[in-house]
Amino acid sequence: MLSHYHCTIICSHLMHRDMMSFLLLLLEWKDFTKEQIISFQVVGGILGTIGALIGGVLGDRFAYIPHGRVSVALFSVISGVICYGLFLFSETYIVCVTWFGLFHLTGGWCPAAACRPLCADLAQNKSERAQIVAAWVLLEKVSSSIFGAPLVGYITKRLFDENSVFTNQEKARTLAMNMFLLSTFFWMMCALFFYMMGRAEY
């Protein structure tokens with residue numbers, strides 16, 4: 001079954017994905033048009049697909065180097081934090097969508113480059129492989145439903161008060177900061193355990 005390293009990495013890496021359900025609201029508060037907001041979804045979907053492919057290729061390419069897969073995953077996490085933060089706090093559309101695209105291009109390598117191959121290596125037969133997938137899905141859904149969007153919503157609930165005196169720009173900055181801090185915390189947990197996996201002997 002999954003080791004504690006894998007469990008923590010899966011939970012930490014996927015919690016922030018559920019937080020991203022607030023992105024549409026954030027983009028609206030940034031006063032982007034509906035067409036521009038839709039373009040974020042298109043760019044994220046296309047570059048995210050390409051990024052997953054790149055992650056898998058790089059993971060296989062560096063698999064023969066000691067801790068190669070883990071190194072690719074660490075690079076992905078660090079670059080994801082940087083691009084995501086720059087995206088959240090960008091004000092103009094062009095800059096914002098550029099960092100959003102780069103985030104999806106480089107920040108999603110972990111599953112294809114490291115998590116799935118390493119979990120597959122743990123399985124001795126098809127039954128164990130099915131158990132790992134089931135545990136993975138369970139951890140993903142439970143962790144994201146508790147520590148993802150609900151946590152962001154709880155922290156930023158004052159922004160949704162009908163009597164709020166905050167402007168849209170102030171709401172956007174506050175929501176962006178909360179999303180960045182929570183996402184970075186879980187990403188750093190992910191990076192820490194990837195680092196510990198890299199130091200461990202298989």
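Conventions used here
Residues numbered from 1 in each chain as written. Predicted model: local features only at pLDDT ≥ 70, side-chain atom pairs only at ≥ 80, totals over all residues. Heavy atoms only, no water. Salt bridge = Lys/Arg side-chain N within 4 Å of Asp/Glu carboxyl O. Buried < 20%, exposed > 50% of the residue type's maximum accessible area, 1.4 Å probe, protein only. Phe/Tyr/Trp six-rings, centres within 6.5 Å; stacked < 30°, edge-to-face > 60°. Helix = DSSP H or I, 4+ residues; strand = E, 2+ residues; numbered from the N terminus. Lys NZ or Arg CZ within 6 Å of the ring centre and 35° of its normal.

1. Side note on the pattern of salt bridges
Here is step 1 of the chain: With the rule as written, the count across this model stands at one salt bridge.
Here is step 2 of the chain: Close ionic contact of Arg69 with Asp60 constitutes a salt bridge, the shortest N to O distance being 2.8 Å.
Here is step 3 of the chain: You can call Asp60 partly exposed: its relative accessible area is 45%.

2. Some thoughts on the packing of aromatic side chains
Here is step 1 of the chain: As enumerated under the stated definition, the model contains 13 aromatic pairs in all.
Here is step 2 of the chain: Relative to Tyr93, the ring of Phe32 lies with its centre 6.0 Å away and its plane at 80 degrees, an arrangement referred to as edge-to-face. Separated by 61 residues along the polypeptide, Phe32 in the loop between α2 (23-29) and α3 (34-61) and Tyr93 in helix α5 (residues 93-106) bring together distant segments of the chain.
Here is step 3 of the chain: Lying across the ring of Phe62, Arg61 places its NZ or CZ 5.8 Å from the centre.

3. A word on unusual backbone geometry
Across the chain, the bulk of peptide bonds are trans and the bulk of non-glycine residues have phi less than zero.
Here is step 1 of the chain: The backbone of Asp31 shows a phi angle near 70 degrees, a positive value even though the residue is not glycine.
Here is step 2 of the chain: Mapping Asp31 onto the fold places it in the loop between α2 and α3.
Here is step 3 of the chain: Positive phi values are uncommon outside glycine, yet His67 reaches one of about 60 degrees.
Here is step 4 of the chain: Checked against the element boundaries, His67 lands in the loop between α3 and α4 (68-88).

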